[in-house]
Amino acid sequence: SISHDEIVALAQVCPTPLTLQQMKTFATHGPELRLKSAVFLHKELQIRFARAIVELSELPIGLNETKAVRMAMATYTSHLENVRKSKVPTNMEEDAEFTNMIGAMKKEGSNLVPLICGGLQEVSHTEEGRNALRLQEIQDSVNSHLDTFFLSRIGIRMLIGQHSTDGGRVKLCDVQDIVKEASDRASALCRKFCGPPPEVIVKVAANGAAPFMYVRSHLHHMVFELLKNSMQATVELYGPNAKIRERSACSPLKPKMNHLSPLIGFVIPDIEHLDGVTIFPHHSHSLSGTLPPITVVISQGQEDLTIKISDVAGGVKRSDWNRLFYYTHTTSTKEPPSSLATGEFREHFSGGGYGLPIARLFARYFGGEITFLSSEGYGSSAFIQAHRLGRQTELVPGHTNFTLQPLKF
Ligand code: W6P
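Just so it is clear, the structure is predicted and the values come from calculations on it, not from any experiment.

Considerations on empty space enclosed by the protein
The tally for this structure, following the rule as stated, stands at three cavities of 30 Å³ or more. One number sums up the size of the largest cavity: a volume of about 80 Å³. Forming the boundary of the largest cavity are L18, M23, F26, A27, R34, S37, F40, L41, L159, Q162 and H163. Listed by contribution, the elements that provide at least two residues to the lining of the largest cavity are α2 (20–28), α3 (30–57) and α8 (136–164). For the lining of the largest cavity, the element with the most residues is α3, which contributes four residues. Along the lines of polarity and charge, the residues of the lining of the largest cavity split into seven nonpolar, three polar and one charged. Each pocket or cavity is described by its volume, and for the second largest cavity that value is around 50 Å³. Residue lining of the second largest cavity: F49, Y76, H79, M105, K106, G109, R153, I156, R157 and I160, and that is the complete set.

Below is the structure:
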């Protein structure tokens with residue numbers, strides 16, 4: 001089997017990032033390119049597995065020593081060994097075999113995110129870990145190490161998926177349809193665990209419907225995670241069990257200033273009488289329990305597709321913004337009912353709060369970004385931005401030169 005030194009040496013070989021367009025070409029131009037793709041992957045996957053193993057071995061505050069991370073390292077090591085001892089495909093039959101093998105590896109690696117985040121939970125519950133994570137610098141370091149590893153993982157899974165899915169996973173996307181699907185899924189989860197969901201109003205700019213090449217599941221995940229968060233925040237503020245109602249019930253002239261009401265009209269009651277000032281959300285939302293909607297705007301320009309997702313759920317204070325993207329973050333402020341403390345609820349709403357950091361990695365993987373902003377005391381907006389043209393290379397940790405490398409076919 002492969003030695004530690006051999007893994008470290010392999011990890012030092014520079015990975016070769018592909019562009020969306022190159023991935024598309026590989027997957028859609030017949031048997032000859034398919035074989036080239038297999039040959040490329042045979043070499044490239046070894047490098048990327050090796051890098052991923054080294055990244056796992058370097059996880060700080062003892063995370064690398066946890067059972068979960070050791071299991072992940074063992075999985076990747078076995079994948080690396082199996083690719084290494086497999087034959088470089090020279091015909092379609094051998095390619096089929098190779099494709100089966102790497103497809104099985106992708107399957108085996110499916111639960112790695114919850115596995116490793118479980119390891120992080122474990123560390124954070126030890127006295128040492130808890131103390132370490134209290135320091136912002138350590139928290140940030142853990143987070144950026146995990147970002148690096150999970151980004152590598154996205155790249156590996158993308159390459160495998162692209163080779164083993166008919167026609168590849170890079171496709172022209174109907175963004176409006178993706179938003180609709182993500183919105184339906186988020187609404188159903190919200191209804192199940194938080195309460196009746198707010199309406200989602202989708203606006204498509206004139207150019208928003210232009211052709212857009214991307215990986216549908218990546219975009220879906222980004223929109224879904226952000227909508228879920230906006231919905232949960234909206235329901236917690238305005239829904240049937242909202243805390244705000246208790247506050248609204250007290251005299252508007254004596255607001256509790258220790259926690260500023262998100263309803264400006266409540267803190268400064270007379271503002272409603274000012275000409276030209278629109279107050280939204282209105283008092284009535286908090287009094288009647290109706291939910292202010294979430295707004296999604298889809299637009300495209302020369303370079304970017306942007307999806308802006310806005311709620312009026314009171315906002316998040318700026319010192320908490322970073323925390324939204326921590327793997328240790330729990331999105332829920334209140335304890336979940338104990339019957340819901342595990343499983344699907346936890347996965348989506350409390351303690352399983354790694355949906356947002358992973359969503360941001362999906363955006364970054366092809367050179368995009370997720371930016372969170374908040375008008376504190378009013379609401380939040382998140383921007384998903386993705387390059388339109390598919391010329392952007394993958395972001396692959398360890399690859400320092402991000403300019404396009406010509407691939408010879
Ligand atoms: C909030 C908290 C949050 C996180 C992510 C996206 C939107 C929102 N809105 O209040």
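What to know about the site of the ligand
The immediate surroundings of the ligand are formed by N229, S230, A233, D311, V316, L324, L356, F372 and S380. For the ligand, whose free accessible area comes to 270 Å², the fraction covered by protein is 92%. Looking at which element gives the most residues to the shell around the ligand, the answer is helix α10 (residues 216–238), with three residues. Split by residue class, the shell around the ligand holds five nonpolar, three polar and one charged.

Observations concerning the pattern of salt bridges
It is possible for side chains of opposite charge to pair when their charged atoms get near one another. The full count for this structure, using the stated rule, is 13 salt bridges. A salt bridge links R216 to E181, with the nearest nitrogen and oxygen atoms 3.4 Å apart. A residue pair is termed long-range when its members are at least 10 positions apart, and R216 in helix α10 and E181 in helix α9 (residues 175–193) qualify at 35 residues. For R216, a relative accessible area of 29% corresponds to the partly exposed category. When salt bridges with common partners are traced through the structure, they connect E44, R48 and E394 into a single cluster.

Details of the environment of H163
Turning to its location among the elements, H163 is positioned in helix α8. Along the sequence, H163 and M23 sit 140 residues apart, while their C-alpha atoms lie 8.5 Å from each other. If we ignore the near neighbours within four places in the chain, the residues touching H163 are R34, S37, A38, L41, D95, T99 and I102. Side-chain polar atoms of H163 contact the side chain of D95, separated by 2.8 Å.

Cut-offs used in this document
Residues numbered from 1 in each chain as written. Predicted model: local features only at pLDDT ≥ 70, side-chain atom pairs only at ≥ 80, totals over all residues. Heavy atoms only, no water. 1 Å grid on protein atoms, 1.4 Å probe; cavity = no way out; pocket = protein on both sides within 12 Å on 5 of 7 lines; lining within 4 Å. Points joined across faces, edges and corners; volume = space filled by probe spheres on them. Helix = DSSP H or I, 4+ residues; strand = E, 2+ residues; numbered from the N terminus. Nonpolar A, V, L, I, M, F, W, Y, C, P; charged D, E, K, R; others polar. Near = heavy atom within 4 Å. Areas by Shrake-Rupley, 256 points an atom, 1.4 Å probe, with all protein chains shown as cover. Salt bridge = Lys/Arg side-chain N within 4 Å of Asp/Glu carboxyl O. Buried < 20%, exposed > 50% of the residue type's maximum accessible area, 1.4 Å probe, protein only. Contact = heavy atoms within 4.5 Å. Polar contact = N/O pair within 3.5 Å; in protein donor to acceptor, adjacent residues only side chain to side chain.

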